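Now for the letters of each chain:
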Amino acid sequence: MYITKAVREQIEKINNYVEQWNDTKEFKQFIEDQKIYVGLMNKKECLCIKCKHKFNTKLKINEYDICPKCNQKLLLKRTTNYYNKDYVMYLIPYKNNEYIVRNYEILSILSNETMIYEITEYGRQIVTGYSIEGFIINNMRRNTSGYFYISYQEKTRYWKPEYYIMICGKCFADNGTLKHKYYNPKTILDNAEVNVREIIDGVTRNDYRLELLTKAKLYNLASDYQHFQTKGKFEDIFGVDKSYLEFMQQNNITYKELITLQLVKIKDHNLIQYLSELYDLKELLEYCKPYDLYNYKLKDTWLYLDYIKFCKKLRYDLKDKSILYPKNLGFKHDELQNLIKINEDKQTTKKIKERYNKIKQNTYENKKFVIYPTKSIEEMINESAQQNNCVQTYADRVAKGKCDIYFMRLVNEREKSLVTVEVRKNKIVQQRTKNNMDTTPEQKRFLKKWERDILCKIN
Ligand SMILES: [Zn+2]
């Protein structure tokens, strides 16, 4: 890959700056805190990999316990071979309104009852306020950045330009890095899953909303500050009255949860969290009470709303809880779907028969051909199969009186399809032989005569 002079200079500029930067004590501690220590389980006994102390625990594999001797947080594992990759970011100030994001990979490896760590700084990027294209997501959301970036090449030990790079993980900023006169923007990075670039932009532009939400300790809402208007009373801004503020702060609610809170107005975070994950909560609440939904543990809203639609069609009593909350939703859904299909077929069959009785006097024949209206869905399915056309899909239209379907056949071969005819308002609109081909002149003459002598005389 050829690297232009300008790009080479930019790489040098970034690297010179970073190399002169002294990682702070706080950042080093932050990295320490991200390292994983394993507690090796043997039945109920746990071996602390850090201090080799053994103790009994009631916790299970993949849960975290604390070593009573050295106070280290331990991830409980049974295996002696384990490794984990984590990603973090370090935001350092560069120039006016410019920052450098440094990306790290933290590899934690358990081998021979010892932990080994490999920490690699694999990416560097300059980010600027006033430009919010691209994403740098704080907190475990993975993303790629389509921006000029440089990445470390282990083999050659060079930094090379890159336009897409994996950027994710918790973002650490030293106190005072993201500066604002009236509040500490770092608290958002510490308490919310955010797009770092958007926060940098908001801080740089002195966005009042960001300030307001951060000062109110609503960090997750601060990460979605663009959604809020700046003026008005508390209720105008948040859609709930001020008595909800304490609840919102205590649970650091997200924007999705706020929307849910606006709908149900119940101060129960478990409930709000659960409901905020449901698709189309607004429609669900037309039928269901919030706690009933919570206890029902509904997962598939699409399936459920479909089921409700079927219940309404069948005029079931949705006030009856055994109907509103069926034990096996999937099974019940399919059962009702079949029932409706049969019912609809019954209705269609009845109406097609009625229509047949009304127009059967239009049946007409000469020495060679005969033409008569359809009297059932089965006949139309049969015609479709013989003619290789889609006339069976007309059943619904025939039942609703939107059109009539006639079969024209040879007098001495009445079982065999010949021409399928569609009539609307006593006029032939389609006449098709097998594979939707056109009729012969002789067939045309017969149909023309039928139309003129029979159909056009009906009022
Ligand atoms: Zn220990």
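Summarised in this report is the structure supplied together with it. (Residues numbered from 1 in each chain as written. Predicted model: local features only at pLDDT ≥ 70, side-chain atom pairs only at ≥ 80, totals over all residues. Heavy atoms only, no water.)

1. Describing the packing of helix H9 (residues 255-264) against helix H10 (residues 269-276)
Consideration 1: At a minimum axis separation of 9 Å, H9 and H10 run at an interaxial angle of 105 degrees. Relative to H10, H9 is oriented roughly perpendicular. Touching Lys256, Glu257, Thr260, Leu261 and Val264 of H9 are His269, Ile272, Gln273, Leu275 and Ser276, all from H10.
Consideration 2: Class assignment of the residues belonging to the contact of H9 with H10 gives a composition of four nonpolar, four polar and two charged. (Axes fitted to C-alpha atoms, helices over the stretch in contact; angles between N-to-C directions. Helix = DSSP H or I, 4+ residues; strand = E, 2+ residues; numbered from the N terminus. Parallel < 35°, antiparallel > 145°, perpendicular 65-115°, else oblique. Contact = heavy atoms within 4.5 Å. Nonpolar A, V, L, I, M, F, W, Y, C, P; charged D, E, K, R; others polar.)

2. Regarding the coordination of the zinc ion
Consideration 1: Taken together, Cys48 (SG), Cys51 (SG), Cys67 (SG) and Cys70 (SG) make up the protein donors of the zinc ion, found 2.2 to 2.3 Å from the metal.
Consideration 2: One way to put it: the four donor atoms around the zinc ion meet at angles of 105 to 117 degrees, and that makes the site tetrahedral.
Consideration 3: Taken in sequence order, the residues that donate to the zinc ion follow the motif C-x2-C-x15-C-x2-C. Within this pair, whereas cysteine 51 is found in the loop between strand S2 (45-48) and strand S3 (54-56), its partner cysteine 70 is found in the loop between strand S4 (64-66) and strand S5 (73-77), the two being separated by 19 residues in sequence.
Consideration 4: Classification of cysteine 51 by relative accessible area gives partly exposed; the value is 27%. (Donors = N, O, S within 2.8 Å, 3.2 Å for Na, K, Ca; no water. Tetrahedral: all angles 85-135°; square planar, octahedral: opposite > 155°, others 65-115°. Buried < 20%, exposed > 50% of the residue type's maximum accessible area, 1.4 Å probe, protein only.)

3. Notes on the sheet that holds S4
Consideration 1: On the basis of which strands lie adjacent, the open sheet formed by five strands has the order S3-S2-S1-S5-S4 and mixed pairing. The two strands at the open ends of the sheet, each matched to only one other strand, are S3 and S4. Each strand of the sheet is rotated relative to its neighbour by a mean of 40 degrees, with strand direction disregarded.
Consideration 2: Relative to S3, S2 runs antiparallel, the two being bridged by three bridges. Along S3, the bridge assignment pairs cysteine 46 with phenylalanine 55. (Pairing = 2+ DSSP bridges.)

4. Some points on the packing of aromatic side chains
Consideration 1: Taken as a whole and assessed by the stated rule, the structure comprises 22 aromatic pairs.
Consideration 2: Here the aromatic rings of phenylalanine 27 and tyrosine 104 are separated by 5.4 Å at their centres, their planes lie at 50 degrees, and the arrangement is tilted. Here the residue phenylalanine 27 occupies a position in helix H2 (residues 25-34), and tyrosine 104 occupies one in strand S7 (residues 98-111), the gap between them amounting to 77 residues.
Consideration 3: Between phenylalanine 369 and phenylalanine 446 the ring centres are 5.3 Å apart and the planes differ by 55 degrees, which places this aromatic pair in the tilted class. Note that phenylalanine 369 is positioned in strand S15 (residues 369-373) and phenylalanine 446 in helix H18 (residues 441-453), a separation of 77 residues in sequence. Of the two residues examined, phenylalanine 369 and phenylalanine 446, each falls in the buried class.
Consideration 4: A connected cluster of aromatic rings, assembled from ring pairs, spans Phe27, Phe30, Tyr90, Tyr104 and Phe172.
Consideration 5: The residue whose ring lies beneath lysine 186 is phenylalanine 172, and the NZ or CZ to ring-centre distance is 4.5 Å.
Consideration 6: One cation-aromatic arrangement involves arginine 397 over tyrosine 394; the distance from NZ or CZ to the ring centre is 4.2 Å. (Phe/Tyr/Trp six-rings, centres within 6.5 Å; stacked < 30°, edge-to-face > 60°. Lys NZ or Arg CZ within 6 Å of the ring centre and 35° of its normal.)

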